[in-house]
Amino acid sequence: MKSKRGVELLFQNDYFEIYVKGQDVILDLKNTGFPIKSFDLIIKQNPRVKINSFPDLRKALTEVGTGHKIGYLLPLIEVIISSDRMKAEVLINMTVTEFETQKDGVLQQVRKTIEDHDIVFGTIDLTEEDLLPGVPITAAIGREPEKGMDAQITYIEKPDRKPVIREDGVADYYEMNFVKHVEEGDWLGEKIPPTDGKPGKDIFGKEIAALPGSDAKLQFDRKSVVEIEEQGKIVLRALFGGALEYIEDNVSVGKHLIINGDIGPETGSITFDGSVSVYGTVMAGYSVNATGDISIEGNEGITNAKEICSSEGDLYIKGGVFGGNVSLIEASGDIFIKHANNCKLFAKNINVGLYILGSEVVGENVYVDKNRGKIIGGRIEALFKIECGFAGNAHERTTHLLAKGIDKDLIYKEIQQMALELKELQKTVGHLESQLSVIDGGRSNQLLGEKADAYMKLNTALQASRDKMFELDREIQAGLYKIKTAIPPRIEVAKEAYPGVIIEIGAKSSLLNKPTKGVFEVVDNVLNV
């Protein structure tokens, strides 16, 4: 419909005329009073009209006059492109009646509009059945880039230092894969490198770069392990034969001494920087001292050996110990042992399969099998926990079980004292640095005579102070960690604790005068015996 002005008239009534001028939608108001809510019906009848704003429309309906711009005219076929250029939708701006009368030609208009927008990739072959007026219709979808595979890292399996749990539920401390020996060139791990991924493409045909997979670093000791590229992989291999070790999660190979027989007159006592595996026993009066793990594999255990000590590792004695009150068994890590008879055991965690008899035992935790394990006689001291099946015996043999716990107040005081020392050292370091700066003047390599000597002494003192600061800070952090992770001390006797057993938790203690069992701990400052 055309008006007198030679423009396209969209709508008219007694209140106003709406027409199109260029691409603008104009309203000429003749009379006020038209309800603004009723304007929605006019928009539904003219789906190509896009209103600029509600305030503009309200002004046009309340101020009599001509030339009120209220919106603009949408194209018959509107193309909506996503901000990432990966999707195109078409919107058919027609009423249902208009669409039904022009349906035969709409599909061709849609296809031409898509082409006119230079959309060349991922187009969807639409049919007439796909088209609906006023509803966004997906017309093209780009291809997303594919992220490459992340690097895949595999390591040789760590020896699982846990007792085997048999079918009857009993822990078997006699069979453990303790020290794993590797030969020169053995496979210790590998990395399959990340892949590049696949590029994508937007609806305009522009390639989108692929996202490469995330890389990862192989953790290994470069003094004992080498990385080699093999068939597209990075492979870790042992530089020499020895014991498999994991040091701060780095796979490594430590020195490994293997004794296929006994430690005795033929070998003498052994002192070794590394791990030691003995496939026989340690004879009376002989010793094994090593920095790494120690494994005594003989079924008969050891009798009256002088000492077996690991300064940095764990210790395993398959057949147990008959100590004769002379044997010292010690590890900085854990001890795994079949039984302990009249000996001394010192370690972080002590794991015993059958019994502890007449022995002195000290550790953070002492675990004797709760189903059948016995502690008879001697003194067992743990920082946190003692577990066993039976304690003492029917003859009321004195058996002392002590779970000390930690004194948090004492540790706090030590930390405060170390913090004061650290503060003083910081002052000292600052003073030494100032003195060095005065002497140096940027010419330390040119100093001679007394100045050179003074500079060297100050520099040595500075380094010593810095080292002490580092050590103090490490001790403070260790103390804070100990306080944070400490658990209340407890003693558990699962089957029976006989009269004659002393239960001591922290500063509280009780001598049993009748059989009992259970978990003993201090509750509300009272020992629950």
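Up top you'll find the structure we're talking about.
Residues numbered from 1 in each chain as written. Predicted model: local features only at pLDDT ≥ 70, side-chain atom pairs only at ≥ 80, totals over all residues. Heavy atoms only, no water.

With respect to the overall build of the chain
Then step 1. Helices and strands together make up the secondary structure of the chain, namely 5 helices and 42 strands.
Then step 2. Its C-alpha radius of gyration of 42 Å places the chain more than 25% over the 24 Å reference for a compact globule of 529 residues.
Then step 3. The 529 residues of the chain split such that 41% are buried.
Then step 4. Partitioning the intrachain contacts of the chain with sequence separation of at least 6 by distance along the chain shows that 40% fall at a separation of at least 24.
Then step 5. Within the chain, one finds 63 positive and 80 negative side-chain charges whose respective centroids are separated by 5 Å. (Helix = DSSP H or I, 4+ residues; strand = E, 2+ residues; numbered from the N terminus. Rg over C-alpha atoms; globule rule 2.2 N^0.38 Å. Buried < 20%, exposed > 50% of the residue type's maximum accessible area, 1.4 Å probe, protein only. Contact = heavy atoms within 4.5 Å. Lys, Arg positive; Asp, Glu negative; His and termini not counted. Charge placed at Lys NZ, Arg CZ, Asp CG, Glu CD.)

A few points about the sheet that holds strand β18 (residues 242-247)
Then step 1. Taking strand neighbours across the sheet as the criterion, the 3 strands line up as β12-β18-β19 in an open arrangement whose pairing is antiparallel. Two strands bound the open sheet, and with one partner strand each, they are β12 (181-182) and β19 (250-254).
Then step 2. Across 5 bridges, the pairing between β18 and β19 is antiparallel. For Leu244, the partnering residue across the bridge sits in β19 and is Val253. (Pairing = 2+ DSSP bridges.)

A short note on the side chain of His400
Then step 1. Considering the arrangement of structural elements, one finds His400 in strand β36 (residues 399-403).
Then step 2. Only 3.2 Å separates the side chain of His400 from the side chain of Arg379, close enough to count as a polar contact.
Then step 3. When near neighbours in sequence (up to four residues on either side) are disregarded, His400 contacts Gly378, Arg379, Ile380, Ile502 and Glu504. (Polar contact = N/O pair within 3.5 Å; in protein donor to acceptor, adjacent residues only side chain to side chain.)

A few points about the pattern of salt bridges
Then step 1. Under the defined criterion, the tally for this structure stands at 18 salt bridges.
Then step 2. The salt bridge involving Asp125 is made with Arg111; its shortest N-O contact spans 3.6 Å. Taken together, the residues span a long stretch of sequence, with Asp125 in the loop between α3 (96-116) and β8 (137-141) and Arg111 in helix α3 at a distance of 14 residues.
Then step 3. Among the residues examined, Arg111 registers a relative accessible area of 35% and is labelled partly exposed.
Then step 4. Look at the salt bridges and you will find they share partners, linking Lys370, Arg490 and Glu492 into a network. (Salt bridge = Lys/Arg side-chain N within 4 Å of Asp/Glu carboxyl O.)

Some details on the environment of Ile439
Then step 1. Here Ile439 shows up in helix α4 (residues 408-440).
Then step 2. Note on Ile439: relative accessible area 21%, which makes it partly exposed.
Then step 3. Once the C-alpha coordinates of Ile439 and Tyr455 are considered, the two residues, 16 residues apart in sequence, prove to be 6.8 Å apart.

Observations concerning the nonpolar core
Then step 1. In this structure, Ile308 and Leu401 are the most contacted members of the largest nonpolar core, which totals 47 residues.
Then step 2. At 5 residues, strand β35 (residues 379-391) tops the list of elements feeding residues into this core.
Then step 3. In terms of nonpolar packing, the next biggest core, distinct from the first, is built from 18 residues, Ala88, Val90, Ile137 and Ala139 among them. (Core = buried A, V, L, I, M, F, W, Y, C linked by side-chain atoms within 4.5 Å.)

Section: the layout of surface pockets
Then step 1. A volume near 570 Å³ is recorded for the largest pocket.
Then step 2. The wall of the largest pocket is formed by 20 residues, among which Glu245, Tyr246, Ile247, Asp293 and Glu312 lie closest to the centre.
Then step 3. It is β18 that provides the largest number of residues to the lining of the largest pocket, a total of 4 residues.
Then step 4. A per-class count over the lining of the largest pocket returns 4 nonpolar, 6 polar and 10 charged. (1 Å grid on protein atoms, 1.4 Å probe; cavity = no way out; pocket = protein on both sides within 12 Å on 5 of 7 lines; lining within 4 Å. Points joined across faces, edges and corners; volume = space filled by probe spheres on them. Nonpolar A, V, L, I, M, F, W, Y, C, P; charged D, E, K, R; others polar.)

Points about the environment of Phe220
Then step 1. Relative to the helices and strands, Phe220 resides in the loop between β15 (207-208) and β16 (225-230).
Then step 2. Taking the C-alpha atoms as reference points, Phe220 and Asn250, separated by 30 residues in sequence, lie 4.3 Å from one another.
Then step 3. Residues within four places of Phe220 in sequence aside, it is in contact with Val225, Glu227, Leu236, Asn250 and Val251.

Some remarks on the packing of aromatic side chains
Then step 1. Taken as a whole, this structure holds 4 aromatic pairs when the rule is applied.
Then step 2. Taking the centre distance of 5.9 Å and the plane angle of 40° together, the rings of Phe11 and Phe16 count as tilted.
Then step 3. On the numbers, 5.0 Å between centres and 85° between planes, the contact of Phe16 with Phe34 is edge-to-face. Of the two residues, Phe16 sits in strand β2 (residues 16-21) while Phe34 sits in the loop between β3 (24-29) and α1 (39-45), which places them 18 residues apart along the sequence. (Phe/Tyr/Trp six-rings, centres within 6.5 Å; stacked < 30°, edge-to-face > 60°.)

A few points about unusual backbone geometry
Then step 1. Of note in the backbone geometry, Asp249 takes a positive phi value of approximately 70° without being a glycine.
Then step 2. Counting through the fold element by element, Asp249 comes out in the loop between β18 and β19.
Then step 3. Even without being glycine, Asn342 reaches a positive phi, approximately 50°.
Then step 4. Tracing the sequence through the fold places Asn342 in the loop between β30 (334-341) and β31 (344-346).

Considering the pairing of β30
Then step 1. The buried fraction of β30 is high, at 7 of 8 residues.
Then step 2. Bridging between strand β27 (residues 315-317) and β30 involves 3 bridges; their strand directions are parallel. When the bridges of β30 are listed, Ile317 appears paired with Ile337.
Then step 3. Relative to β30, strand β28 (residues 321-322) runs parallel, the two sharing 2 bridges. Across the sheet, the residue bridging to Val321 is Ala340, located in β30.
Then step 4. The pairing of β30 with strand β32 (residues 349-357) spans 7 bridges and is classified as parallel. Residue pairing for β32: His339 is matched across the bridge by Tyr355.

So yeah, pure geometry; function would need other evidence.
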